[in-house]
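Chain residues, written in single-letter form:
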Amino acid sequence: MCIAPSAFAQASANGVTLSGRIEDAQTRAGLPYLSLQLLLEKDSAFVAGRLTNDEGAFSFSGLRKGVYVLVVKSIGYRPIQQRVLVGELSAFLDLGALPMTRETQTLAGVAVTAEADAVSGAMDRKTFTVSDNISQAGGSVLQAMTAVPGVTIGQDGKVLVRGSDKVVVLIDGKQTALTGFGSQSGLDNLPASALERIEVINNPSARFDANASAGIINLVFKKEEQQGFNGKAGLMGGAGALWVRRENLPTIRPQYRGTPKINPSLSVNYRSGETNTFVQGDWLHSPTLNKNEFATRTYDDGRVIIQQVKRNRRTDYATLNAGVDHGFDARNSLTVSGLFNREKIIDYGDNPYFDGSLQDRYRLWQFLEDEIKYTAFGTAAFVHRYPQPGHTLTFTGNYSFHREDEKYFFTNTLPASVGQDAFKLLSDEHVVDLNADYVKPLRQGRVEAGFKGRYRSIPVNMQFFPGQNSPIDSGAGGWAKYRETIPAVYGNYVFESQRLELEGGLRLEAVHLNYDVNPDHNTYKSDGYRYFQPFPNMRAAWKFDDANKLSLFFNRRVDRPNEVDIRIFPKYDEPELIKVGNPALQPQYSTSAELGYKTTRSTGSVYAAAYHRIVDGTITRIATQAPGSVLLYNVFQNAGRSWSTGAEVVWQRVVSSHLSLTTNANVYRRTVDAFSVVNQYPVPVQFSAERAQLTSGNVRLNATLALPWEWQAQVANTYLAPDLLPQGRTGSRYGLDVGAKKTVQRGKGEIVVNATDLLNTMQVRRTIRGTDFRLVSTDYAETQVVRVGYNWKF
């Protein structure tokens, strides 16, 4: 995926709108129907002319970055020559009231100062057009993320930004249950074909929710706004897991191979006058070898256990997005939209366990998972536009519902018995958001202010049905309820001059979380937390010229535990490494600073940044061994302080008319301070670790080539270095993605062919060290997929 030319721009792609009001200096009355001219300062070239309206107001739209002179003439008044800087931080600028004095003078000459061409924007975000990502077309959003510079995929399938998974994922600027509130979910099944672009915001301003210390990823759905009827249809097909990377351990069912992929999509838009209607649908049928992890557990008493966790998964994922934009008049408009999603998952799992050698199997754990998820999201936004362009007040209401209906059926085969176990989980999430956002353009910037209120409720019910000689803890079931309220207010100020840019904001957030646990639970009790905290942000930049800019960022953010992080119910898809939440888990707070520099040339650009992030109360899973047993329990804990210091470089260059390159390198040193925690489940077990450090990073090289017969090809190489975990480390990984596309039917159609992880080398290795054990594993889950597809615009 290539960086778009406006990758860091804050102003609209349609240019900047400049407004103001001409008034009498004595009476303050507006002066109607005056002649205005906008000239370029450097050569006095005419740009545009206007007349003030009957109230003396005026506006110029579509202005590009540069320095202008506004000239106002009227008989009986002294002419105005107002120097105007149009920058890159604000889509709207307001000159305010320009008073005219009642006297007549000759128009003086206009000063001339040479200016260079346009420069990149605020450097707080990167924007990527999904259609440019040839090598990942037809896959999921998670797969598309692998081509985004600065973004990697962790060993547990989560998106990492600069090595951290504390990322919040928005859909069209809003949090939804589809992608998770304060965490990540659903990205592996959400079709990338539904998206127009992906925005990565490393340093969010105060108007964004304070959650997510590593940054924000905003998924922008497709939506056309052309007049009349138009749309796009597509169909992608392919196959994954083309060969077996490692044969199964004895006595289990075969791995999935040659898994078919089908992804039809359709988006339709109709605009008539002030009303725009859009509908978009996607369906993704994607059987996968979801997990295929081989592991060896070595205990201090000499026991060695060899195991495999294999999961053949079938997923059907349907998404429907629709809405209406309607303008009541020039100043008031309403947008109503809805998003519906259905995800059906069928898993067939095999987990064999061998004691010391492959001739001594002591357990075979097989399961069928039958899970269905429903998500419904509705939003209504009313926008009032004041007479001044860009001066707006927006009221937004959102409602999100997410149902998780999960059933597991297990067969527990031991040397002397066969047991049948099961559990059923039902979770309904309800989230209501009310927001008010105010924006007022200034002569050299803007002010923003707003309010957000949220109520979130998640009742969960878990029922366990243990069989003969079962590892299931039936006393850990029952009900629990998660209730969260968040009122927040924010203010943000942006200033821009010809050389200096400043942005400062403050968000005040009060959070109250109650987690109610049924009194019959054998370990955990009701818990929760509350805080009232300030979250400031600051950005300062110095423009040496239009091609070189230095920026300094500072912000404080928080990572609130999600409901699944504190969920009290153990999960048994892997019966000897059992995952469970922790209702005593607290938020982690981060403070980060970044110094960035960007230089732009006609053939490309270089962006370099140095950053440092400190995290207090680091949230992570800690595995401990149950006394007198080989079972391991993986529980979320606050591990104390950790920090990362690193540097990132993004280099983009057009080498020739046939070749362009984008390289991203990120190197950081991660440190986890010494800590000690106690896992309460199933019985209290203490774990302590000394300070650990490791230098890690990743490198990505994307090459886009123009080939004969109007073909375009892309080759993407990715290397991820070993990384540090609070209880161990992950191994290195390498992947090669290739793709090609050709435009046909006079630009109406497009043919796409690609292969993800062509060499089938992207495997996850990790080492975990506990007090009395060591676990070494390698996951050969499906990463290799070949696809072919066709898209048609109409």
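Keep in mind that what you see is a predicted model, and the values were worked out from it rather than measured.

Asker: Looking at this structure, how should I read the overall build of the protein?
Answerer: Along the backbone of the protein there are 2 helices and 45 strands. Against the 2.2 N^0.38 benchmark of 28 Å for 794 residues, the protein shows a C-alpha radius of gyration of 29 Å, consistent with a compact globule. Taken along the three principal axes of its C-alpha coordinates, the protein extends 105 × 60 × 50 Å. Accessible surface computed for the protein: about 31600 Å², of which carbon and sulfur atoms make up 57%. Positive and negative charge centroids in the protein, built from 87 and 78 side chains respectively, lie 3 Å apart.

Asker: Sorry if this is basic, but what is going on with the nonpolar core here?
Answerer: Within soluble globular proteins, side chains that are nonpolar tend to cluster in buried spots. Membership of the largest hydrophobic core comes to 51 residues, with the highest contact counts inside it found for F410 and Y572. Those residues in contact with Y572 that sit more than four places away from it in its chain are W365, F410, F423, F464, P471, I472, D473, I578 and Y681. Among the nonpolar cores identified, the runner-up in size contains 24 residues, and L142, I153, V169 and A192 belong to it.

Asker: What am I meant to see in the pairing of strand β23 (residues 445-465) here?
Answerer: As defined by bridge partners, strand β22 (residues 417-442) adjoins β23 across 19 bridges and the pair is classed as antiparallel. Bridge pairing links L425 to M462 in β23. The sheet contact formed by β23 and strand β24 (residues 478-496) spans 18 bridges and is antiparallel. Among the inter-strand pairings, G445 is bridged to a residue of β24, identified as F495.

Asker: Honestly, the environment of S497 in this entry has me stumped. Any pointers?
Answerer: Locating S497 in the fold gives a position in the loop between β24 and β25 (500-517). For S497, a relative accessible area of 17% corresponds to the buried category. Taking C-alpha positions, S497 is 37 Å from R560, a pair spaced 63 residues apart along the chain. With residues near it in sequence (within four places) discarded, S497 still touches L85, Q444 and K543.

Asker: What exactly am I supposed to notice about the packing of aromatic side chains here?
Answerer: The geometry of an aromatic ring pair is captured by the separation of the ring centres together with the interplanar angle, meaning the angle of the planes. Inspection of every chain in the model, using the stated rule, returns 21 aromatic pairs. Residues F410 and F423 carry aromatic rings whose centres are separated by 5.9 Å and whose planes lie at 40 degrees to one another, so their mutual orientation is tilted. In this pair, F410 sits in strand β21 (residues 392-414) while F423 sits in strand β22, placing the two residues 13 residues apart along the sequence. Judged by relative accessible area, which is 1%, F410 ranks as buried. For F423, a relative accessible area of 1% puts it in the buried group. Measuring from ring centre to ring centre gives 5.9 Å for F423 and F464, while their planes differ by 75 degrees; the resulting arrangement is edge-to-face. On the criterion of sequence distance, the pair formed by F423 in strand β22 and F464 in strand β23 is long-range, its members being 41 residues apart. Of the residues examined, F464 reaches a relative accessible area of 10% and is grouped as buried. The ring of F294 has R246 lying over it, and the distance from NZ or CZ to the ring centre is 4.1 Å. The ring of Y362 carries R303 above its face, with NZ or CZ at 5.3 Å from the centroid.

Asker: What should I look at first to understand the pattern of salt bridges in this one?
Answerer: Here the idea is simple: oppositely charged side chains can pair when their charged atoms come close. Summed over the entire model, instances satisfying the criterion amount to 46 salt bridges. Of the charged contacts in the structure, one is a salt bridge between E503 and R539, with a shortest N-O distance of 3.8 Å. Placement of the pair is E503 in strand β25 and R539 in strand β26 (residues 527-545), with a sequence separation of 36 residues. Accessibility expressed as a relative area gives 12% for E503, which makes it buried. Looking at R539, the relative accessible area reads 3%, which means it is buried.

About the thresholds
Residues numbered from 1 in each chain as written. Predicted model: local features only at pLDDT ≥ 70, side-chain atom pairs only at ≥ 80, totals over all residues. Heavy atoms only, no water. Helix = DSSP H or I, 4+ residues; strand = E, 2+ residues; numbered from the N terminus. Rg over C-alpha atoms; globule rule 2.2 N^0.38 Å. Areas by Shrake-Rupley, 256 points an atom, 1.4 Å probe, with all protein chains shown as cover. Lys, Arg positive; Asp, Glu negative; His and termini not counted. Charge placed at Lys NZ, Arg CZ, Asp CG, Glu CD. Core = buried A, V, L, I, M, F, W, Y, C linked by side-chain atoms within 4.5 Å. Buried < 20%, exposed > 50% of the residue type's maximum accessible area, 1.4 Å probe, protein only. Contact = heavy atoms within 4.5 Å. Pairing = 2+ DSSP bridges. Phe/Tyr/Trp six-rings, centres within 6.5 Å; stacked < 30°, edge-to-face > 60°. Lys NZ or Arg CZ within 6 Å of the ring centre and 35° of its normal. Salt bridge = Lys/Arg side-chain N within 4 Å of Asp/Glu carboxyl O.

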